[in-house]
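Listed below, chain by chain, are the residues.
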Amino acid sequence: MDTTPAAQVRRFAPLWPLVLGLAFGRAGLIVASYGSYTSTDEGIFTDGAMLVALSILAVFFVLFLIRKRTLSKSSVRATMRVCVALEAFTLAALAYLDVRGINEPAIRFGLSVLCTLVASGAIYYWLRRARGTSTTAAAVFVFSTLIVSEVEIYLCTLMPIAAGNLIACVLVLAQYPCMRWARKRLQPHDIVSPTQRNDYFGFAKTMLQSKQFLTATALGIGCLSIVIGLLRGYPDGLSIAFQPATRIAYGLLTVIISVALIALVLKRREHVLTVGIFVIMELLACFALIAYAAFPEMLDIGAVFTTTLNALMVAFTWYVIIAFMSHGWRDPYYYAIAGWLVWLGCRAVARVALLEVSGLSMNDLLTGALMGAMVVVSTQVIFVQFLNIARHGAQEEQQEARRQQGMLTKIMGLDEHESLASVRQAAMRHNAEEMGRQFLLSEREVEVLTLYALGYTQKRVAEELFITPGTAHAHIKRIYAKTGLHSRQEVLDYLEQYAS
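Keep in mind the model is a prediction, meaning the values are calculated, not measured. (Residues numbered from 1 in each chain as written. Predicted model: local features only at pLDDT ≥ 70, side-chain atom pairs only at ≥ 80, totals over all residues. Heavy atoms only, no water.)

### With respect to the overall build of the chain
Helix and strand content of the chain: 21 helices and zero strands. Expressed as a percentage of the 500 residues in the chain, the buried residues total 53%. Here the analysis covers contacts within the chain between residues at least 6 apart in sequence; of these, 83% occur between residues at least 24 apart. For the chain, the exposed area adds up to about 21400 Å²; of that, 65% sits on carbon and sulfur atoms. (Helix = DSSP H or I, 4+ residues; strand = E, 2+ residues; numbered from the N terminus. Buried < 20%, exposed > 50% of the residue type's maximum accessible area, 1.4 Å probe, protein only. Contact = heavy atoms within 4.5 Å. Areas by Shrake-Rupley, 256 points an atom, 1.4 Å probe, with all protein chains shown as cover.)

### Regarding helix H18 (residues 443-453)
Summarising burial for H18: nine of the eleven residues are buried, a large majority. Regarding H18, the residues found buried are Arg444, Glu445, Val446, Val448, Leu449, Thr450, Leu451, Tyr452 and Ala453. In the stretch just after H18, Gly455 is the one whose phi turns positive, near 100 degrees.

### Topic: empty space enclosed by the protein
The tally for this structure, following the rule as stated, stands at four cavities of 30 Å³ or more. Within this model, the largest cavity holds a volume of roughly 120 Å³. Mapped by element, the contributors of at least two residues to the lining of the largest cavity are helix H2 (16-33), helix H12 (299-327) and helix H13 (332-357). A total of four residues in the lining of the largest cavity trace back to one element, the largest contributor, which is H13. (1 Å grid on protein atoms, 1.4 Å probe; cavity = no way out; pocket = protein on both sides within 12 Å on 5 of 7 lines; lining within 4 Å. Points joined across faces, edges and corners; volume = space filled by probe spheres on them.)

### Brief notes about the nonpolar core
Trp126, Leu127, Phe141, Phe143, Leu231, Met281 and Trp340 are the most contacted members of the largest nonpolar core, which has 113 residues in total. Ranked by residues supplied to this core, first place goes to H12 with 17 residues. If we ignore the near neighbours within four places in the chain, the residues touching Leu127 are Leu22, Phe141, Trp318, Ile321, Ile322 and Met325. Listed in part, the 24 residues of the second largest apolar core include Ala432, Leu454, Val461 and Tyr480. (Core = buried A, V, L, I, M, F, W, Y, C linked by side-chain atoms within 4.5 Å.)

### Comments concerning a positive patch on the surface
A contiguous patch of positive charge, built from Arg81, Arg180, Arg183 and Lys184, is present on the exposed surface. With three residues, helix H8 (residues 175-184) is the single largest residue contributor to the positive patch. Judged by relative accessible area, which is 41%, Arg81 ranks as partly exposed. (Patch = residues over 30% accessible without salt bridge, like charges linked within 9 Å, V, L, I, M, F, W, Y side chains within 5 Å. Salt bridge = Lys/Arg side-chain N within 4 Å of Asp/Glu carboxyl O. Lys, Arg positive; Asp, Glu negative; His and termini not counted. Charge placed at Lys NZ, Arg CZ, Asp CG, Glu CD.)

### Observations regarding the packing of aromatic side chains
Across all of its chains, the model carries 16 aromatic pairs by this definition. Their ring planes at 5 degrees and their centres at 4.5 Å tell us that Tyr234 and Tyr292 sit as a pair that is stacked. You can see Tyr234 sitting in the loop between helix H9 (207-231) and helix H10 (244-266) and its partner Tyr292 sitting in helix H11 (residues 272-294), a full 58 residues away along the chain. The class for Tyr234 is buried, based on a relative accessible area of 9%. Look at Phe324 and Tyr335: their rings are 5.9 Å apart centre to centre, the planes differ by 35 degrees, and that puts the pair in the tilted class. Here Tyr335 lies in helix H13 and Phe324 lies in helix H12, a separation of eleven residues in the sequence. As far as the burial class goes, Phe324 and Tyr335 line up, both buried. Members of the aromatic cluster, joined through ring pairs, are Tyr34, Tyr37, Phe242 and Tyr250. (Phe/Tyr/Trp six-rings, centres within 6.5 Å; stacked < 30°, edge-to-face > 60°.)

### Side note on the packing of H2 against H8
Between H2 and H8, whose axes approach to 9 Å, the crossing angle comes to 160 degrees. In terms of orientation, H2 lies roughly antiparallel with respect to H8. The interaxial crossing formed by H2 with H8 has left-handed handedness. Across the interface between the two elements, Trp16, Pro17, Leu18, Leu20, Gly21, Phe24 and Gly25 of H2 pack against Gln175, Cys178, Trp181 and Ala182 of H8. Residue composition of the contact of H2 with H8, grouped by class: eight nonpolar, three polar and no charged. (Axes fitted to C-alpha atoms, helices over the stretch in contact; angles between N-to-C directions. Parallel < 35°, antiparallel > 145°, perpendicular 65-115°, else oblique. Left-handed = near helix turned anticlockwise from the far one by under 90°. Nonpolar A, V, L, I, M, F, W, Y, C, P; charged D, E, K, R; others polar.)

### Here's the deal with the pattern of salt bridges
Scanning the model with the defined rule gives 13 salt bridges in all. In this structure, the salt-bridge partner of Arg108 is Glu42, at a minimum N-O distance of 2.6 Å. Placement of the pair is Arg108 in helix H5 (residues 105-129) and Glu42 in the loop between H2 and helix H3 (47-67), with a sequence separation of 66 residues. Since its relative accessible area comes to 29%, Arg108 is described here as partly exposed. Given a relative accessible area of 22%, Glu42 falls into the partly exposed group. We note a salt bridge from Asp190 to Arg444, for which the minimum N-O separation is 3.6 Å.

### Quick word on the side chain of Asn165
Tracing the backbone through its elements, the reader meets Asn165 in helix H7 (residues 161-173). According to the relative accessible area criterion, Asn165 is buried, its value standing at 4%. Apart from the residues within four sequence positions on either side, Asn165 is in contact with Val31, Ala32, Leu91, Leu94 and Ala95.

### Considering unusual backbone geometry
A cis amide bond links Tyr234 with the next residue in sequence, Pro235, at an omega value of -10 degrees. Its place among the elements puts Pro235 in the loop between H9 and H10. Of note, the phi angle at Ser36 is positive, near 60 degrees, even though the residue is not glycine. Relative to the helices and strands, Ser36 is located in the loop between H2 and H3. Even without a glycine there, the phi angle at Leu440 is positive, about 60 degrees. Tracing the backbone shows Leu440 in the loop between helix H17 (420-439) and H18. Judged by its relative accessible area of 69%, Leu440 is exposed.

### Concerning H13
In a regular helix each residue adds 1.5 Å, so 26 residues correspond to 38 Å; H13 covers 37 Å between its end C-alpha atoms and thus fits that length. The principal kink in H13, of about 30 degrees, is found at Leu344. (Expected span 1.5 Å × (residues − 1). Bend = angle between axes of the 7 residues up to and from the residue.)

### Some points on the environment of Ala293
Looking at where Ala293 falls in the secondary structure, it is placed in helix H11. With relative accessibility at 57%, the residue Ala293 sits in the exposed group. A C-alpha to C-alpha distance of 8.0 Å links Ala293 and Gly368, two positions 75 residues apart in sequence.

Laid out in structure tokens, this is it:
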């Protein structure tokens, strides 16, 4: 595989409509509800509105949990169109209120709730389009989006508030042409790029272990989100305003780290988006605490690290949600809402709680000590979980998974259909990879071969891999041509005799 920069740009070019669409959706949300990050947040208008929006999303989460059905493509597209229209409306309404000098907190809070809710729906759509992709493509997608959106958001800070809202409104509406553009380009799951064996997308060989890995990640995200919520309101629960220099510093630091992560993933460095990303985020939390203590009169210095940490958590949570969407059996929106409830729910609760109790008996020293303790706790939770996963062998993991199914794993929809069929699929994948090495099959052909050998029809293969039936048929024809075999039974016989 060609790894030159030019080849990498060409390989991931089909991601551009998704990158721009997701960046436009996020930019609208941040400009409307987060004040374009001219400060760490907008207090109750940010996380208070988030809690209300999450309570509404929780209702849909329960419906997905009970009904166990997936939305049709027409329903998904219709929902997306409505979400984009309403997100643009909230931005236009905020611009109107600013021009007319109307300062009604209740109206503004209602618009913030609406924007948070519908912008979340738009973001879910773009993440849904990336399901089934590889480790590398997903990482390039989410961190490229973070870079583009940070540039858009920063440009809005250079304008008057009303003008920034109107520009963000136009960007939000630009999601419509991006939707059409995305349908005409090569789909993300068809981009040929590596999937790391020990990453969130490496499900085939260690199915049960990977599920525990994702559960551990969810616990880690929840704990670290609490830290982020506390850091954003240090020390008294009020938002921390940026100076022009520190606002630029936050944007540059976010872009630099994102570029570095993309480069490391493209070089196939293992554990970059598992242990590595958590190390980076924990370090940013520590740097924020140190800066708050060292510069108590210039809290915006610490806010640089806090807001960078928050931005990286945005992209990382997108990445994990795509992994859930790709390998879970429930509707993709189920996993997106679950990710929001864990990440933004924990952050919003911590932020609002700090705002409410800071005036009681809190002081700077106690607040700093509590935040430091939470950083330690989140680190311990994350890495103890990872160590436990690494310590157990695959067979031991399977036995333990049957005895103890944690509630979190069940809620995530990863517990059902986990029986001998999962073990059989993992074994078949192993045999198909062996056969792929013998006959120089592509990674996609190995995936098709695995499902075809398991007895899937060509239509079912297409549905599982998010490709058309014609493409599945073409892959199977190429497999027959390369191997010299002529039927499914011959494939099974070969796998049993020579690939096991």
